[in-house]
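Overview (structure and organization)
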Amino acid sequence: ASAAKPLPGYASFKNADAVIVHSSTTIETKRSAFGSSVITPTNQLYVRNNLPTPPESIVADRDAWAVQIDGVKKPAKLTVAELKKMGLETVTMVLQCSGNGRGFFPSKPSGTQWTVGAAGCVVWSGVPVRDVVKALGGVADGMVYMTGTGGEVLPAGIDPKTVMVERSVPAAAMQDALLAWEMNGEPVSLAHGGPLRLIVPGYTGVNNIKYIKQLAFTAKESEAHIMSHGYRISPPGAKGDPSQPSVQEMSVKSWINSPIPEDGNQSAGKVQIQGVAFGGMNAIKGVEVSIDGGKTWKQARLIGPDMGKYAWRQFALQADLPKGTYTLASRATDDKGNVQPETRGENQSGYNNTSWADHAVTVTVA
Ligand code: MSS
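Looking now at the pairing of strand β21 (residues 361-365). Because side chains alternate across β21, one face comprises the buried residues V361, V363 and V365, and the other comprises T362 and T364, none of which is buried. Where strand β20 (residues 324-334) and β21 come together, five bridges link them in antiparallel fashion. Paired with G324 across the strands is V365, a residue of β21.

Structure below.
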């Protein structure tokens, strides 16, 4: 077995026992570390950076960070200090990388082999984008996308479009979007996009632009490679291109966090089978649990506080397990009636895996 990789400097505050360091830009939460208190602690939340992390100096004077707002009637460059006076809202949201669950694809798509831990449920505070837009006279005519640009300083000598982190979502997503400066009750850390991050609730991780330096309402999608060719749902064997769907809205998903093989053998008797479920754009209606690999299902209980439709719900099912081997699975339903599917949608890059079968765990009770 290879030795655990050290935490990179910008993420040195992470709890090393609770995470798997895949690389200096990809850190996963251990399945055993999610707990049952809904919110993922900041020091356990996963990290995914597509580029090297900007220097700590960008969070030295947070209020001075400025974001250019374009594609509105009165474009303006606004500092965090100014944004703080324009509105305030808090949203609890599942932040999940588009590639979470890639590690379950038998085709082993290239990219980080995340299992369940490129996700967490976190609380963001900031100004609603719609308030900013209103203050600047509204969206300019003909603009149909909301395009956010990351504040990384790009390497010289290469076409910026090939590396920049810039993503477009439908402009309507601004209704629930925030420009956030606080996460889990603290100023947003550099690792998670401080001083200012675009939060698009219900959309996969990549659409939540860290250290945002420009927010523009645009007539067309960004031509940055990460938008035009990256993060596309392309058929197996095909390259990404703008004609394919982009990873945007998340859909209904759940998984079990306890008991899991990592916990070691279970002793026979009562057990609380427990996990998390979320609906992406919709609230969770219910979760069923199976102890026989999906042959039969029982309704689990939703436990803990309901933090709104963009948050995940904890669920639990009490079971009495005699000695034996069990394949535990969970299957969530959202309030629009969408049911988590048995199988993954095959795609070249291993995105959007919501398969309940892939997320099942096999445990031994002795
Ligand atoms: N932003 C920026 N600026 N940069 C980068 O790199 N990444 C993405 C997002 N944003 C980036 C950004 C991704 S891709 C993800 S997931 C996320 O972020 C993560 O987060 P955190 O905080 O956890 O780290 Mo996949 O879909």
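Overall, the predicted model of the protein chain reaches an average pLDDT of 97, with 99% of residues at or above 70. Mean pLDDT across the elements of the protein chain ranges from a minimum in β21, with 96, to a maximum in strand β12 (residues 197-199), with 99. On the interface metric, ipTM, the complex scores 1.00, and its pTM is 0.98.

With that out of the way, let us pick up the site of the ligand. The immediate surroundings of the ligand are formed by 22 residues, with N50, C97, S98, H192 and K210 found nearest. One of the side-chain nitrogen or oxygen atoms of K210 is found 2.7 Å away from an oxygen atom of the ligand. In terms of residue class, the shell around the ligand is made up of 11 nonpolar, seven polar and four charged.

The subject of this paragraph is the sheet that holds strand β19 (residues 313-321). If you walk across this open sheet you meet the four strands as β14-β15-β19-β18, and the pairing is antiparallel. Unpaired on one side and paired on the other, β14 (253-258) and β18 (301-303) mark the two borders of the sheet. The sheet shows a mean angle of 35° between the axes of neighbouring strands, taken without regard to direction. Alignment of strand β15 (residues 269-278) against β19, held across nine bridges, turns out to be antiparallel. Counted as the bridge partner of Q272 is Q318 from β19.

Calculation rules
Every chain's residues receive numbers from 1 upward, in the order its sequence appears when written. Confidence filtering applies because this is a predicted model: local features only for residues at pLDDT of at least 70, side-chain atom pairs given and counted only at 80 or more, and all residues used for totals across whole chains, interfaces and linings. The side-chain figures draw on all heavy atoms in the structure; neither hydrogens nor water molecules are used. Residue burial is assigned from relative accessible area. The probe radius is 1.4 Å, only protein chains are included, and a residue is buried under 20% of its type maximum, exposed over 50%, and partly exposed in between. Numbering goes from the N terminus for both helices and strands, where a helix is a DSSP run of H or I of at least four residues and a strand is a run of E of at least two. By this definition, two strands are paired if DSSP reports at least two bridges between them. The pLDDT value expresses, per residue, how confident the predictor is, ranging between 0 and 100. Proximity criterion: a residue is near a molecule or strand once any of its heavy atoms comes within 4 Å of it. Polar contact is the term for a pair of N or O atoms within 3.5 Å; when the atoms are in protein, one must be able to donate a hydrogen and the other to accept it, and sequence-neighboring residues count only if both atoms are side-chain atoms. Note on residue categories: nonpolar means Ala, Val, Leu, Ile, Met, Phe, Trp, Tyr, Cys or Pro, charged means Asp, Glu, Lys or Arg, and polar means any other residue, Gly included. Inter-axis angles, ranging from 0 to 180 degrees, are taken between N-to-C directions of lines fitted to C-alpha atoms, where helices are fitted over the stretch in contact.

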